[in-house]
Amino acid sequence: MATTSTTGSTLLQPLSNAVQLPIDQVNFVVCQLFALLAAIWFRTYLHSSKTSSFIRHVVATLLGLYLALFCFGWYALHFLVQSGISYCIMVIIGVENMHNPMMIITQKITSLACEIHDGMFRKDEELTPSQRGLAVRRMPSLLEYLSYNCNFMGILAGPLCSYKDYITFIEGRSYHVAQSGENGKEEMQCERAEPSPNMAVIQKLLVCGLSLFFHLTVSRTLPVEYNIDERFQATASWPTKVVYLYVSILAARPKYYFAWTLADAINNAAGFGFRGYDKNGAARWDLISNLRIQQIEMSTSFKMFVDNWNIQTALWLKRVCYERVSLSPTIQTFILSAIWHGVYPGYYLTFFLGVVVTLAARVMRNNFRHHFIKTPQLKLLYDIITWVVTQVAVSYMVLPFVLLSIKPSFMFYSHWYYCLHIASILVLLLLPLKKTQRGKKTHEDVQLSRSKKFDEGENSLGQNSFSTANNVCCQNQEVASGHSSLKQ
């Protein structure tokens, strides 16, 4: 956190000293716990069935600004000023060239800008299915805009959500899914009984508790900086260096697990984040979840790791950059990600290496994977090898992200002889690129297949809530027939 308020720092300084945490982190945790209680109150007393969407917008915005004021002091006015200026720019120039220095606000403003541009300035046939589903067809009011950007549920730690999903939640339409009639127009709605988020919230709070405990105990005994300690590098064996690199980066992750899972729980407690029902009729509260811990720790490829880490940011990068550029989308996406994270050199070292590793991983997979899926034994061997390589490679790649500065980052690289850099470049130079079955494709074909791939990936992550919920609603009418009805 950049700056803490005088009041917040004074009130929480004793607590900060007791738990030996920086005051800004204590402020963040206390504000998020307050937001959790506010979310429960919001869902109970300001439910969409009891009050108007106007009141819900106003309360969500005012509570969010209060939390920002407590956490950041008067710097929090920057939230309001930036949001107001950006709204005026959006109206005047047609939502192009939106820039904002705050990470979550940046995501929301640029996402909304693209969604309005898709809905108001582009033809439907030019859009991908996911873009059509998220397109905003009218300019939001100032209150709706401020509520989306500054609501108390996501102002401190997100996660990012689409504007349409947020408005659907505020207006109480999360459980009413439009269905198309024979003429392709929305003719009826499938209404589901509102599920309780209590179990999902409890489960996520347990994950938060375990992550915080791990961070306060184990993480402190495994400092990342020890990877560049001269004595350790001079005396430790290579297996020891590899193991310590992995476990030290592993120990650095629980603070992210804590913050993102708590943010998800806050949104769920307010009633936001319902995705639909699974094939067994169980409610799913992962519409805006930001990570999947099990898949992260068991990743057998760099892509699998990225797809399950900071999910909403990955979707944001895909929506505002990857599927909108035609020249080197992977490189441009990584550059945007580095710029969005900030100005520390370690960020750029990590993401620039990420471009090379991503391309090299694709080539390796295309050239070798098909040899190892012929028998279960070979597939198991392949999974073990790729898990080890992925975890070590990711640890090597993200260490500068944690160290931040350029000098210690290059010290680490030199101790490891730039091995991942060299290996990735050699892979790209020596291994052949596999051609598609039909050889070269036209630019339009490449764009179409790319969009389809990401649309399918997005649906599997549960982000295209409209089509996902529509399908699930139809599939589960028998399972939960006592709680559903059809309306014209």
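Note that the structure is a prediction, hence the values are computed from the model and not measured. (Residues numbered from 1 in each chain as written. Predicted model: local features only at pLDDT ≥ 70, side-chain atom pairs only at ≥ 80, totals over all residues. Heavy atoms only, no water.)

## Remarks on the packing of aromatic side chains
Reasoning step 1: Tallied over the entire structure, the rule returns 35 aromatic pairs.
Reasoning step 2: Among the aromatic residues, those joined into a cluster by ring pairs are W238, Y396, F410, F412, Y413, W416, Y417 and Y418.
Reasoning step 3: Here K108 stacks its cationic end above the ring of Y148, 5.4 Å away from the centre of that ring. (Phe/Tyr/Trp six-rings, centres within 6.5 Å; stacked < 30°, edge-to-face > 60°. Lys NZ or Arg CZ within 6 Å of the ring centre and 35° of its normal.)

## Topic: the side chain of N151
Reasoning step 1: For N151, the location among the structural elements is in the loop between α7 (142-150) and α8 (163-170).
Reasoning step 2: On the basis of relative accessible area, N151 is assigned to the buried category, the value being 2%.
Reasoning step 3: Within the local environment of N151, its side chain forms a polar contact with the backbone oxygen of Y148, the two atoms lying 3.2 Å apart.
Reasoning step 4: At 3.1 Å, the side chain of N151 forms a polar contact with the backbone nitrogen of G154.
Reasoning step 5: When sequence neighbours within four positions are dropped, the list of residues in contact with N151 reads A60, G64, K108, L146 and Y166. (Helix = DSSP H or I, 4+ residues; strand = E, 2+ residues; numbered from the N terminus. Buried < 20%, exposed > 50% of the residue type's maximum accessible area, 1.4 Å probe, protein only. Polar contact = N/O pair within 3.5 Å; in protein donor to acceptor, adjacent residues only side chain to side chain. Contact = heavy atoms within 4.5 Å.)

## Remarks on the packing of helix α3 (residues 53-72) against α7
Reasoning step 1: Direction vectors running N to C along α3 and α7 enclose 45 degrees, while the axes themselves pass 8 Å from each other. The angle between α3 and α7 places the two elements in the oblique class. Relative to α7, the crossing made by α3 is left-handed. Every residue of α7 that contacts α3 at F54, H57, V58, A60, T61, G64 and L65 is listed here: L143, E144, L146, S147 and C150. (Axes fitted to C-alpha atoms, helices over the stretch in contact; angles between N-to-C directions. Parallel < 35°, antiparallel > 145°, perpendicular 65-115°, else oblique. Left-handed = near helix turned anticlockwise from the far one by under 90°.)

## Here we look at the pattern of salt bridges
Reasoning step 1: Scanning the entire structure with this criterion turns up 13 salt bridges.
Reasoning step 2: For D286, the salt bridge identified is with R275, shortest N-O distance 3.2 Å. Of this pair, D286 sits in the loop between β4 (283-284) and α13 (293-297) while R275 sits in the loop between α12 (254-269) and β3 (276-277); the two residues are 11 residues apart in sequence, bridging distant segments of the chain. Grouping residues by exposure puts D286 and R275 together as buried.
Reasoning step 3: Two residues, D383 and K379, come together in a salt bridge whose shortest N-O distance is 3.0 Å. On the criterion of helical spacing, the pair formed by D383 and K379 is a turn pair, its members being four residues apart in helix α18 (residues 376-403). (Salt bridge = Lys/Arg side-chain N within 4 Å of Asp/Glu carboxyl O.)

## Quick notes on the UniProt feature "transmembrane region" (unreviewed entry) in the protein chain
Reasoning step 1: UniProt's feature table lists "transmembrane region" (unreviewed entry) at residues 25-42, 54-75, 346-364, 384-403 and 415-433, given in the numbering used throughout.
Reasoning step 2: For residues 384-403, helix accounts for 100% and strand for 0%, while the C-alpha atoms at its two ends are 29 Å apart.
Reasoning step 3: The span residues 415-433 shows a helical share of 68% and a strand share of 0%, and its end C-alpha atoms are spaced 31 Å apart. (UniProt positions renumbered as here; feature names shortened; annotations may be inferred.)

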